[in-house]
Amino acid sequence: MQRLEVLARQLTAVVAVEDRTPLLATKNDYDTMYKRSIQDPEGFWGELALGYHWDRKFPARGHMAANTDVRRGPVSIQFFAGGTTNLSYNCLDRWVAAGRGEQAALIWEGNDESERRTVTYRELLAEVNRLSNWLKSRGVQKGDAVTIYLPMVPELPAAMLACARVGAVHSVVFAGFSADSLAQRMVDCNAKVLLTATGVMRGTKPVLLKTIADDAVRLAAKAGQDTSSVLCLEVANALAAADTPWNPVRDVWWHAAIPMQSAECAPTWLDAEDRSFLLYTSGSTGKPKGVVHCTGGYMVGVGVSCRYLYDMRPGDVVFTTADCGWITGHSYLAYGPLLCGCSAVIMGGIPTHPDGGRAWRMVERYKVRQFYTAPTLLRSLLQLGDAWPRQSDLSSLRVLASAGEPMNEHAWHWFHEVIGGSRCPVVDTWWQTETGNAMLSPLPCAWFQAKAGSAGVPFFGVCPVMLDPTTGNEICTVEAEGVLALRGVWPGMMRTLHGDHERFESAYFAPYKGYYFTGDGARRDADGHYWITGRVDDVINVSGHRIGTAEVESALTEHPDCAEAAVIGVDHALKGQAIYAFVTLRGHVQAGDAMRKLLMDHVRKSIGPFAVPEVIHWAPGLPKTRSGKIMRRVLRKIASGQEKELGDISTLAEPGVVEMLIKLRGK
Ligand code: WTA
């Protein structure tokens, strides 16, 4: 009897720590829930939404309405109408009330590994309340836009949550954007208040944010936009407060103003459809689009996806490498983990500084359970070799998530085997700024059968369709390839583009009537799994063959000597377009014609002769935005010798790369 008890205790201990069954434990669980989400979205989402706090409950029926067909009038989407809630209350107060006040809400490390800070749920709530009171004292009211231009410090999520608390609409501008871009975004949303910092160190490079912010405020003023208050955070090691340019009428020091405020601030209860935030993103044409997300739907979409897809639970430590300036940082660093009662790791600086082991040491230090990153970062870490991850104990990891770009098979296996010890599922999710939360994902119940490079199957409420790009007709066979569009609506979906509902309709709902157009191409395999082939605007047509740039890149990077590749289409007299590949070799590999031939043969073998690049251009580095996206526009100009027409390259992480590539053309 005694032995049995001991055994049972041991078993519960093991079960509690190790064997945590995901919410979608079987394929049947998924099928049942998914089916219901499509057949009865109102009932389905209504029930899941009750897992959050509503000050006034929405009615069980009649809370949802949508029209996504431009032929039937204006596009409109609403969920949980009639209900009132507050995102910051659900992220913070709820957990403090549940006894998690002393648990870490944010775990921060700066650019230097020695800079560390933990902020508990109770402390974060107090800071958010003080900031909320300050915003109110500056006349910020419900619906007003506030621009946030901060580096990756705990004050950044705090600022977002403070806006949410008072009903202000935050617009986070990634702190790598230029003054021009910042000004443009401030003017577009009429932001009168700006939250910024003295500066930040990125690797060995200081970035003087306040100086850029000042320029932006000046530029905005020229465009007729007055900024009444600039709240400035002093960030150690970047620039001393005394050296910071200052306008005493307009500028306020964070350390002087915020601690004076009361740490109590009742949340403003917002209608579910009240705006929550704006996030600017690039379209294929025109100026950046201000994607608008609302309160209730975004909260439920993000929270539910964190629970069901990434298995986030109270107490889990989640490390998302994305910057809060992008949607992944909004949904899966700031809001999502806090909605789930997790501890979110927030990292300043860059994950490869001071060396390739930085991110992995952090995983060990904080016992990270969910590690969420992007293929670009994986590839750069992979390039630094296996020795770095092997130096750290990564046994706490359970879920490896990724989003933002197609993941090539090589990176997938490295992630799965070297980082996850073949123990952790790779949850490669496809989604967009516009969708708010993950849309396609491998299933938790079948994580281990996930196919390397596939974005998996639809999340609840998501109805992907494959459209024939020429006729616009839906391809109804299981196996299909075409334009990826989505039918129907889901709670986390954007509601409009700020100040331009017409553009919202024409960019997303007019190209294929009745559907949301994603801009991506995809393939659906015999098992109904989706494979993203890249943006349809990046598809190359060579001698009548459609080739996804992502496909060729994946083929190239499968080669063990290739670290990274970027493929574009260039005009070709005979073939229409030819494939032009920029290739970064692994450190020890010699560039040259022999290597070129090897890579070409590899692509020929992997896809077919039509996919063999016409040109392989050696690239010690690729021009990337600071968020890690390769700037193909720049590559196209370099490839075609039009370097005089490069346009704005101010958002490049390393502008020096461009010169280097020009020199290597034809080499
Ligand atoms: C691409 C990032 C392949 C896609 C969350 C999409 C992906 C664009 C994946 C949105 C993925 C995102 N596999 N491609 N798992 N996830 N994409 O708005 O082209 O920065 O349209 O949102 O990234 O980028 P955004």
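Definitions and cut-offs
Residues numbered from 1 in each chain as written. Predicted model: local features only at pLDDT ≥ 70, side-chain atom pairs only at ≥ 80, totals over all residues. Heavy atoms only, no water. Helix = DSSP H or I, 4+ residues; strand = E, 2+ residues; numbered from the N terminus. Rg over C-alpha atoms; globule rule 2.2 N^0.38 Å. Buried < 20%, exposed > 50% of the residue type's maximum accessible area, 1.4 Å probe, protein only. Contact = heavy atoms within 4.5 Å. Areas by Shrake-Rupley, 256 points an atom, 1.4 Å probe, with all protein chains shown as cover. Lys, Arg positive; Asp, Glu negative; His and termini not counted. Charge placed at Lys NZ, Arg CZ, Asp CG, Glu CD. Pairing = 2+ DSSP bridges. Phe/Tyr/Trp six-rings, centres within 6.5 Å; stacked < 30°, edge-to-face > 60°. Near = heavy atom within 4 Å. Polar contact = N/O pair within 3.5 Å; in protein donor to acceptor, adjacent residues only side chain to side chain. Nonpolar A, V, L, I, M, F, W, Y, C, P; charged D, E, K, R; others polar. UniProt positions renumbered as here; feature names shortened; annotations may be inferred. Arc of directions from axis to C-beta. Axes fitted to C-alpha atoms, helices over the stretch in contact; angles between N-to-C directions. Core = buried A, V, L, I, M, F, W, Y, C linked by side-chain atoms within 4.5 Å. Salt bridge = Lys/Arg side-chain N within 4 Å of Asp/Glu carboxyl O.

1. Thoughts on the overall build of the chain
Looking only at helices and strands, the chain has 20 helices and 32 strands in total. In terms of overall size, the chain behaves like a compact globule, its C-alpha atoms giving a radius of gyration of 25 Å where 667 residues would be expected to give roughly 26 Å. Principal axes of the C-alpha set define a box for the chain whose edges measure 70 × 70 × 60 Å. Classification of the 667 residues of the chain by burial places 60% in the buried group. Put simply, of all contacts in the chain between residues at least 6 apart along the chain, 71% involve residues at least 24 apart. Carbon together with sulfur atoms contributes 53% to the accessible area of the chain, which is approximately 25900 Å² in total. Put simply, the chain has 69 plus and 70 minus side-chain charges, and the middle of one group is 0 Å from the middle of the other.

2. Quick word on the sheet that holds strand β11 (residues 229-233)
Pairing is mixed in the open sheet, where eight strands are placed in the order β12-β11-β8-β6-β7-β14-β15-β25. At either end of the open sheet lies a strand with only one pairing partner, and these are β12 (251-253) and β25 (496-497). Relative to strand β8 (residues 193-197), strand β6 (residues 145-149) is paired through four bridges, and the arrangement is parallel. Following the sheet pairing, Thr147 is matched in β8 by Leu194.

3. Here we look at the packing of aromatic side chains
Each pair of aromatic rings is reported with the distance of its centres and the angle of its planes. One pass over the structure, following the stated rule, counts 30 aromatic pairs. Centre to centre, the rings of Trp54 and Phe58 are 4.9 Å apart; their planes meet at 75°, and the pair counts as edge-to-face. Owing to a relative accessible area of 4%, Trp54 belongs among the buried residues under this scheme. The class for Phe58 is buried, based on a relative accessible area of 8%. Relative to Phe582, the ring of Tyr580 has its centre 5.1 Å away and its plane inclined at 45°; by these criteria the two rings are tilted. We note that Tyr580, like Phe582, is buried. By way of ring pairs, the aromatic residues Phe44, Trp45, Tyr308, Phe459 and Phe460 are connected into one cluster.

4. Brief notes about the site of the ligand
Lining the immediate surroundings of the ligand are 16 residues, of which Asp428, Thr429, Gln432, Thr433 and Asp520 lie closest. Asp428 has a polar side-chain atom sitting 2.8 Å from a nitrogen atom of the ligand. Taking 530 Å² as the accessible area of the ligand by itself, protein coverage stands at 89%. Listing elements by their share of the shell around the ligand, those giving two or more residues are α11 (327-339) and β27 (530-535). Taken together, the residues that form the shell around the ligand break down as six nonpolar, five polar and five charged.

5. Describing the UniProt feature "domain: Acetyl-coenzyme A synthetase N-terminal" (unreviewed entry) in the chain
In the UniProt entry, the feature "domain: Acetyl-coenzyme A synthetase N-terminal" (unreviewed entry) is given for residues 30-91. Measuring from the first to the last C-alpha atom of residues 30-91 gives 26 Å, for a span that is 39% helix and 13% strand.

6. So, helix α19 (residues 632-639)
Regarding α19, the residues found buried are Arg632, Val634, Leu635, Ile638 and Ala639. Across the axial projection of α19, the buried residues extend over an arc of 155°, all falling on one side.

7. A look at the sheet that holds strand β16 (residues 317-320)
Taken together, seven strands build an open sheet; the order of strands is β5-β4-β17-β16-β18-β19-β20 and the sheet is mixed. Of all strands in the sheet, those with a lone pairing partner are β5 (116-120) and β20 (426-428), marking the two edges. Averaged over all adjacent pairs, the angle separating strand axes in this sheet is 20°, with direction ignored. Pairing of strand β18 (residues 370-373) with strand β19 (residues 399-402) involves four bridges; the strand directions are parallel. Bridging across to β19, Tyr372 finds its partner in Ala401.

8. Notes on the nonpolar core
Trp45, Leu124 and Leu135 are the most contacted members of the largest nonpolar core, which totals 136 residues. Residue contributions to this core peak at nine residues, all from helix α6 (residues 155-166). Apart from the residues lying within four places of it in its own chain, the contact partners of Leu124 are Leu92, Ala105, Leu106, Val119, Ala158, Leu161 and Leu338. The next biggest cluster of nonpolar side chains, apart from the first, holds 31 residues, and it includes Ile107, Val317, Phe319 and Trp414.

9. Focus on unusual backbone geometry
Put simply, His353 and Pro354 share a cis peptide bond, and its omega is 0°. Of note, Pro354 is situated in the loop between β17 (343-347) and α12 (358-366). If you check the backbone angles, Phe80 has positive phi at about 60° while not being a glycine. Inspection of the secondary structure assignment puts Phe80 in the loop between β2 (76-78) and β3 (84-85). For Phe80, a relative accessible area of 0% translates into the label buried. At Asn190, a position not held by glycine, the phi torsion is positive, near 60°. Residue placement: Asn190 occurs in the loop between α7 (179-189) and β8. Given a relative accessible area of 42%, Asn190 falls into the partly exposed group.

10. Focus: helix α17 (residues 549-558)
α17 sits mainly inside the fold: eight of its 10 residues count as buried. Turning to α17, its buried residues are Thr549, Ala550, Val552, Glu553, Ser554, Ala555, Leu556 and Thr557.

11. Details of the pairing of β17
For β17, the tally of buried residues reaches five of five residues, placing the bulk of the element in the interior. Side chains of β17 alternate between two faces, with Ser343, Val345 and Met347 and Ala344 and Ile346 buried alike. Inspection of the sheet shows strand β4 (residues 104-109) paired to β17 by four bridges, in the parallel sense. Considered in β17, the bridge of Trp108 is made with Ile346. Two elements, β16 and β17, share three bridges in a ladder whose sense is parallel. For Val318, the partnering residue across the bridge sits in β17 and is Ala344.

12. Digging into the pattern of salt bridges
Applying the stated criterion across every chain yields a total of 39 salt bridges. Its salt-bridge partner being Glu109, residue Arg358 comes within 2.9 Å of it at the nearest N-O pair. Placement of the pair is Arg358 in helix α12 and Glu109 in strand β4, with a sequence separation of 249 residues. Take Arg358: its relative accessible area is 0%, and that puts it in the buried class. A salt bridge links Glu113 to Arg365, with the shortest nitrogen-to-oxygen separation between them at 3.1 Å. One end of the pair, Glu113, is in the loop between β4 and β5; the other, Arg365, is in helix α12, and 252 residues separate them in sequence. Owing to a relative accessible area of 28%, Arg365 belongs among the partly exposed residues under this scheme.

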